[in-house]
Amino acid sequence: MRAGVLNKVVSIQKSTPITNRLGEQIEYWNDVFVDVYASINPRKQNENIEGKQLVASSTHNIIIRFVAPISPKYRIRFGDRIFTIDSILNIGERDKTLNLICTEKVL
């Protein structure tokens, strides 16, 4: 991979359920991998109506160096932007780079 292709710094987060003071289960996202260099490339954009509200979403390819373990239960944080992982492709099955197909919801 050419130098400079992975020009964004992202964090990979995993959901952990915690109980608040009222005894309710809430979802807390904590960083599993911090300062991961990535390439973020948009693929397509959609607009849907969810609960009488127009919601835009974008699909992106995010390429990172291989990290394990990672699954669609994780998500990517890039600044204030959140990307949910839809699928993971191990490029060439060589454990060197991962192509993450992700969706970003835009509110």
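Scroll up to find the structure this text is about.
A quick note: this is a predicted structure, and the numbers were derived from the prediction, not measured.

1. Some thoughts on the overall build of the protein chain
Here is step 1 of the chain: For the protein chain, the count of helices and strands is zero helices and six strands.
Here is step 2 of the chain: Listing every helix and strand of the protein chain by position from the N terminus yields β-β-β-β-β-β.
Here is step 3 of the chain: Overall size of the protein chain, expressed as C-alpha extent along the three principal axes, is 50 × 30 × 25 Å.
Here is step 4 of the chain: Taking all 107 residues of the protein chain together, 30% fall into the buried category.
Here is step 5 of the chain: Taking the intrachain contacts of the protein chain between residues at least 6 apart in sequence as the baseline, contacts between residues at least 24 apart amount to 50%.

2. Section: unusual backbone geometry
Here is step 1 of the chain: For the bond running from alanine 68 to proline 69, omega is -5°, close enough to zero to count as cis.
Here is step 2 of the chain: Tracing the chain through its elements places proline 69 in the loop between strand S3 (53-65) and strand S4 (74-78).
Here is step 3 of the chain: A positive phi angle, close to 50°, is found at glutamate 93, a residue other than glycine.
Here is step 4 of the chain: Relative to the assigned elements, glutamate 93 resides in the loop between strand S5 (81-90) and strand S6 (97-106).
Here is step 5 of the chain: Judged by relative accessible area, glutamate 93 falls into the exposed class, the value being 64%.

3. Digging into the sheet that holds strand S1 (residues 8-19)
Here is step 1 of the chain: The antiparallel closed barrel is built from six strands, whose spatial order is S1-S2-S3-S6-S5-S4. The mean inter-strand angle of the sheet, taken between neighbouring strand axes irrespective of direction, is 45°.
Here is step 2 of the chain: Pairing of strand S2 (residues 25-50) with S3, which is carried by twelve bridges, proceeds in the antiparallel orientation. Across the sheet, residue isoleucine 40 finds its bridge partner in S3, namely isoleucine 62.

4. Here's the deal with the pattern of salt bridges
Here is step 1 of the chain: Counting across every chain of the model gives two salt bridges.
Here is step 2 of the chain: Ionic pairing is found between aspartate 31 and arginine 77, a salt bridge with its closest N-O pair at 3.3 Å. Taken as a pair, aspartate 31 in strand S2 and arginine 77 in strand S4 lie far apart in primary sequence, 46 residues in all.

5. Quick look at the environment of arginine 94
Here is step 1 of the chain: With respect to the element layout, arginine 94 can be found in the loop between S5 and S6.
Here is step 2 of the chain: The exposure class of arginine 94 is exposed, given its relative accessible area of 57%.
Here is step 3 of the chain: Distance in space between the C-alpha atoms of arginine 94 and tryptophan 29 is 29 Å, their sequence separation being 65 residues.

6. Here we look at the side chain of glutamine 13
Here is step 1 of the chain: Along the chain, the position of glutamine 13 falls in strand S1.
Here is step 2 of the chain: Among the polar contacts made by the side chain of glutamine 13, one reaches the side chain of aspartate 31 at a distance of 2.9 Å.
Here is step 3 of the chain: Of the polar contacts made by the side chain of glutamine 13, one reaches the side chain of arginine 75; its length is 2.7 Å.
Here is step 4 of the chain: Not counting residues up to four positions away in its chain, the partners in contact with glutamine 13 are Trp29, Asn30, Asp31, Val32, Tyr74, Arg75, Arg77 and Ile82.

Procedures and definitions
Residues numbered from 1 in each chain as written. Predicted model: local features only at pLDDT ≥ 70, side-chain atom pairs only at ≥ 80, totals over all residues. Heavy atoms only, no water. Helix = DSSP H or I, 4+ residues; strand = E, 2+ residues; numbered from the N terminus. Buried < 20%, exposed > 50% of the residue type's maximum accessible area, 1.4 Å probe, protein only. Contact = heavy atoms within 4.5 Å. Pairing = 2+ DSSP bridges. Axes fitted to C-alpha atoms, helices over the stretch in contact; angles between N-to-C directions. Salt bridge = Lys/Arg side-chain N within 4 Å of Asp/Glu carboxyl O. Polar contact = N/O pair within 3.5 Å; in protein donor to acceptor, adjacent residues only side chain to side chain.

Read these as spatial facts, not as claims about activity.
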